[in-house]
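# Observations on the three-dimensional arrangement
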Amino acid sequence: MNHDELVRRNKAHTLTSWTAQDDWNPLSMVKAEGVYFWDADGKRYLDWSSQLFNVNIGHANPHVIQAIQDQVARLSYAYPGIATEPRAVLGEMLAEITPPGLERTFFTLGGADAIETAMKMARQFTGRQKVVTRYRAFHGATFGAMSAGGDPRRLANEPGVPWIVRVHDPYPYRSPLYRGRTAEEGDQALVDQVAETLDFEGPQNIAAILLEGYSGSSGVIQGGEVFWNGIQSLCRQHGILLIIDEVLSGFGRTGEWFGINHYPNVEPDMLVLAKGLTSGYVPLGAVVVSEEISAYFDRHTLWTGLTYSAHPVGCAAGIANLEVYRTENLITRARQSGKLLHAGLVDLAERHPSVGDVRGIGLLQLLELVASRESREPLSAFNQPLSEPMKALAASLRAQGLSTFVRWNMIFCTPPLIIDEPQLRDGIKILDEALAIADSYAAEA
Ligand SMILES: Cc1ncc(COP(=O)(O)O)c(C=O)c1O
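What follows deals with the overall build of the chain. Assigned secondary structure in the chain consists of 13 helices and 15 strands. Taking the principal axes of the C-alpha coordinates as reference, the chain spans close to 65 × 60 × 40 Å. Pairs at least 24 apart in sequence give 73% of the contacts found in the chain among residues at least 6 apart. Summed over its atoms, the accessible surface of the chain is roughly 18,900 Å², and 51% of this surface lies on carbon and sulfur atoms. Side chains of the chain carry 38 positive and 51 negative charges; the gap between the two charge centres is 3 Å.

Below, the structure written as structure tokens:
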């Protein structure tokens, strides 16, 4: 099948997410290797988003493919009540790389059901009901997870679950709370506001605060040390659990094993994992919990379950991925390439008046585009269809063979961790050309 036929037949009998079907104008993909993939007409694309921020180790890694093939041949399925070797080994490996005190893992199929599991465990463990989350966050598309994410992706399915309480975001570039304040002062004002929200909601009713370890698809909007230390101390003060969602920011994406590792004083009670855990080779998610929580569930039934929990093939893919992160030194590589990427994006910002903000760390970075640097008016409005300039920019990226997410006024720069310097430079060069289009709509600063 060529590209057109492939797209036509996909559209005829399948549905896709987050868009009206008529607006779905997909790339096709028939082969992928390293940081590249090829469409059905043989055109090559640089995968600048790691697909859905998940193909961290790159495409077609032979070690992972072999591990999956071996596991399918040896034992392709066991129900979750059965002990298996890949499950034992992956549990041990996760206890090693996650922050101290996190010891035991419950495996799911992906991020959303891992978030659901974490929230259920928090509610069962504390006997409290509410979970506090951020507005600019995404935690998955099942009902509880979708309510937990404050991102507008939840709006069409509202009202969601009633026990979510949302707080505002550490967003120095746009939040009114930060206006006239340094980032640190803004973080403190936000923490004070969160403290007040907890008081209003009754801390005795709050099971957990759930935050992305490093903000991802809602816009890489990240608090600093003051924010994180403040949240940690509020949790301790009120006996509230801290659930850290590392689905997107985990496994080297930020140049550390986990996004939360950038804040050494923070001690999560649970870590939620997916995406880079298997780099998408097969589905797998996980919740890693503290000794205290796992001890509670030694004596109390864990009221949850999934047919495919701890799937042997998923666990084998997880083990092989962790081996690749280690042997290819990918966490350190992401840290180093992140510096190059950031320098390249800052250089673009200096030359292109449409770039309002460059932010992020490691290989989790983005550009926020503006109509005017002075007013900071976004080049495409929040939660609205793409503006003409952003559409033109996205079309240019695609035509030049770069695949990434362009959301409202944001361009995500999140390539696989194996990307090398020339490939990074290629991506930045393509962005350079596309930004010239956006500039023609933006006022000079
Ligand atoms: C931070 C975060 N949490 C949870 C999820 C949900 O993961 P999944 O799509 O595997 O259910 C996502 C997905 O994009 C995510 O970015």
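So, next bit.
Locating Arg359 in the fold gives a position in strand S11 (residues 355–361). Arg359 gets classed as buried once you look at its relative accessible area, which sits at 11%. From its side chain, Arg359 meets the backbone oxygen of Val220 in a polar contact 2.9 Å long. Look past the residues within four positions of Arg359 in its chain and what remains in contact with it is Tyr171, Tyr173, Gly219, Val220, Ile221, His342, Leu364, Gln365, Leu366, Glu368 and Met410.

The environment of the ligand is formed by Gly110, Gly111, Ala112, Phe138, His139, Gly140, Glu212, Asp245, Val247, Leu248 and Lys275. Contacts to the ligand include Gly111, whose backbone N or O atom sits 2.8 Å from an oxygen atom. Between a nitrogen atom of the ligand and a side-chain N or O atom of Asp245, the distance comes to 2.6 Å. Protein contacts shield 81% of the accessible area of the ligand, which totals 390 Å² for the unbound molecule. Within the shell around the ligand, the residues separate by chemical class into four nonpolar, four polar and three charged.

Another point: the packing of helix H7 (residues 183–201) against helix H8 (residues 225–238). Running from amino to carboxyl end, H7 crosses H8 at an angle of 20°, the nearest separation of the two axes being 8 Å. When the interaxial angle is binned, H7 and H8 end up roughly parallel. Along this stretch, H7 crosses H8, giving a crossing that reads as right-handed. Across the interface between the two elements, Glu184, Asp187, Gln188, Leu190, Val191, Val194, Ala195, Leu198 and Asp199 from H7 touch Val226, Phe227, Gly230, Ile231, Leu234 and His238 from H8.

Before going further, it helps to spend a moment on the environment of Leu306. For Leu306, the location among the structural elements is in the loop between helix H9 (291–299) and helix H10 (312–327). With sequence-adjacent residues up to four places away left out, Leu306 is seen in contact with Pro80, Phe106, Phe107, Thr108, Leu109 and Asp113.

This paragraph deals with the domain arrangement of the chain. By the assigned domains, the chain splits into domain 1 (3–57 + 329–439) and domain 2 (62–327). On a C-alpha basis, the centroid separation for the pair domain 1 and domain 2 is 25 Å. The interface of domain 1 with domain 2 comprises 38 residues on the first partner and 42 residues on the second. With both sides pooled, the region where domain 1 packs onto domain 2 buries about 3,100 Å², and carbon together with sulfur makes up 59% of that total. Three residues stand out in domain 1 for area buried against domain 2, namely Ile57, Ile331 and Leu364, and they jointly supply 22% of the buried area on that side. Our count for the contact surface shared by domain 1 and domain 2 stands at two salt bridges. Notably, a salt bridge pairs Asp151 with Arg407, separated by 2.7 Å at the nearest N-O pair. At the boundary of domain 1 with domain 2, the tally comes to 22 residue pairs in polar contact (both at pLDDT 80 or more).

Turning next to the nonpolar core. Trp48, Leu94, Phe251 and Leu369 are the most contacted members of the largest nonpolar core, which has 98 residues in total. Sort the elements by how many residues they give to this core and H10 lands first, with eight residues. For this core, the domains that each give at least three residues are domain 1 (3–57 + 329–439) and domain 2 (62–327). Core analysis: the next-biggest nonpolar cluster, separate from the first, contains 26 residues, Ala145, Ile164, Met270 and Phe297 among them.

One open sheet accounts for four strands, arranged S1-S2-S3-S13; its pairing is mixed. Both outer strands of the open sheet, strand S1 (31–33) and strand S13 (402–403), are each paired with one neighbouring strand and no more.

Moving on, we get to helix H13 (residues 421–439). Over its 19 residues, H13 extends 26 Å from the first C-alpha to the last, a length consistent with the 27 Å expected when each residue adds 1.5 Å. Within H13, burial applies to Gln423, Leu424, Gly427, Ile428, Ile430, Leu431, Ala434, Leu435, Ala438 and Asp439.

Looking now at the sheet that holds strand S9 (residues 270–273). Strand order across the open sheet formed by seven strands is S4-S10-S9-S8-S7-S5-S6, with mixed pairing between neighbours. Every other strand in the sheet has two partners, leaving strand S4 (102–108) and strand S6 (164–167) as the edge strands with one partner each. Taking the axes of each pair of neighbouring strands and ignoring which way they run, one obtains an average angle of 20° across the sheet. Relative to the sheet, helix H4 (residues 85–97) contacts S4, S9 and strand S10 (285–290), its axis offset from that of S4 by approximately 135°. Here H7 sits on the sheet in contact with strand S5 (130–134), S6 and strand S7 (206–212), set at roughly 155° to S6.

Turning next to the packing of aromatic side chains. Here the structure, examined in full by the defined rule, presents 15 aromatic pairs. Summarising the aromatic geometry, the rings of Tyr36 and Trp38 are spaced 6.4 Å apart at their centres and angled 55° between planes, so their arrangement reads as tilted. A relative accessible area of 13% means that Tyr36 is categorised as buried. Ring geometry for Phe251 against Trp257: centres 6.4 Å apart, planes inclined by 85°, an arrangement best described as edge-to-face. Both residues of the pair, Phe251 and Trp257, belong to the buried class. A connected cluster of aromatic rings, assembled from ring pairs, spans Phe251, Trp257, Phe258 and Tyr325. Between the NZ or CZ atom of Lys31 and the centre of the ring of Trp38, over which it lies, the distance is 4.5 Å.

About the thresholds
Residues numbered from 1 in each chain as written. Predicted model: local features only at pLDDT ≥ 70, side-chain atom pairs only at ≥ 80, totals over all residues. Heavy atoms only, no water. Helix = DSSP H or I, 4+ residues; strand = E, 2+ residues; numbered from the N terminus. Contact = heavy atoms within 4.5 Å. Areas by Shrake-Rupley, 256 points an atom, 1.4 Å probe, with all protein chains shown as cover. Lys, Arg positive; Asp, Glu negative; His and termini not counted. Charge placed at Lys NZ, Arg CZ, Asp CG, Glu CD. Buried < 20%, exposed > 50% of the residue type's maximum accessible area, 1.4 Å probe, protein only. Polar contact = N/O pair within 3.5 Å; in protein donor to acceptor, adjacent residues only side chain to side chain. Near = heavy atom within 4 Å. Nonpolar A, V, L, I, M, F, W, Y, C, P; charged D, E, K, R; others polar. Axes fitted to C-alpha atoms, helices over the stretch in contact; angles between N-to-C directions. Parallel < 35°, antiparallel > 145°, perpendicular 65-115°, else oblique. Left-handed = near helix turned anticlockwise from the far one by under 90°. Domains from an automatic or database assignment. Buried area = accessible area lost by both parts, 1.4 Å probe. Salt bridge = Lys/Arg side-chain N within 4 Å of Asp/Glu carboxyl O. Core = buried A, V, L, I, M, F, W, Y, C linked by side-chain atoms within 4.5 Å. Pairing = 2+ DSSP bridges. Expected span 1.5 Å × (residues − 1). Phe/Tyr/Trp six-rings, centres within 6.5 Å; stacked < 30°, edge-to-face > 60°. Lys NZ or Arg CZ within 6 Å of the ring centre and 35° of its normal.

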